[in-house]
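So the chains spell out like this:
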Amino acid sequence: MREVSREVFKEEVLAWARRIGVTDRIEEICLRYMKRKWASCSSRGRLTFDIALLSQPASFRAEVIVHELIHLKLGNGSHGRLFRALVKAYLQNSTGMKSQEPEGLAGNRYDGELKSSGKGVG
Ligand SMILES: [Zn+2]
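1. Observations concerning the pairing of strand E3 (residues 46-50)
Where strand E1 (residues 28-32) lies against E3, five bridges are found, and the strand directions are parallel. Bridging from a neighbouring strand, cysteine 30 pairs with threonine 48 of E3. Taking the residues that link successive antiparallel strands as the turn, the strand E2 (residues 39-41)-E3 hairpin has four residues, and the phi of glycine 45 there is positive, at about 95°.

2. Remarks on the packing of helix H2 (residues 58-74) against helix H3 (residues 81-93)
For the pair H2 and H3, interaxial distance at closest approach is 10 Å and the crossing angle is 130°. Here H2 is positioned oblique relative to H3, judged by the angle of their axes. Regarding H2 and H3, the two cross each other, and that crossing is right-handed. Residues Ala62, Glu63, Val66, His67, Ile70 and Leu74 of H2 lie in contact with H3, whose contacting residues are Leu82, Phe83, Leu86, Val87, Tyr90 and Leu91.

3. Some remarks on the environment of glycine 122
The residue glycine 122 is located in the segment after helix H4 (105-117) in this model. Along the primary structure glycine 122 and serine 40 are separated by 82 residues, whereas in three dimensions their C-alpha atoms are 4.3 Å apart. The residues contacting glycine 122, other than those within four sequence positions of it, are Lys37, Ala39, Ser40 and Cys41.

Definitions and limits used
Residues numbered from 1 in each chain as written. Predicted model: local features only at pLDDT ≥ 70, side-chain atom pairs only at ≥ 80, totals over all residues. Pairing = 2+ DSSP bridges. Helix = DSSP H or I, 4+ residues; strand = E, 2+ residues; numbered from the N terminus. Axes fitted to C-alpha atoms, helices over the stretch in contact; angles between N-to-C directions. Parallel < 35°, antiparallel > 145°, perpendicular 65-115°, else oblique. Left-handed = near helix turned anticlockwise from the far one by under 90°. Contact = placed C-beta atoms within 7 Å.

Dropping the structure here:
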């Protein structure tokens, strides 16, 4: 599988941030090796992503990115009903990137892929 560069990945994060409306909440985007998680974010807006995401499929990268950005949007670390609904809504609305998939699949795949990946997200 073709890897994307750090620059391309950060552009993807910023593109999602514009869509979700959290651009001004991002303090820093870091990419480094992470053992237990794909990504995490601090309350101050520092986003950290596992460098291994660069070689993951675009759809999986999007799922991890949207997860962290929704944390920034909501301003807390919970994964409650609102959190899950927003993640699903944004991923489902990205039909340009997922036109081959029937509506509603993105959210289910999200949980499935993350669980089977053996790592979580923060
Ligand atoms: Zn989370």
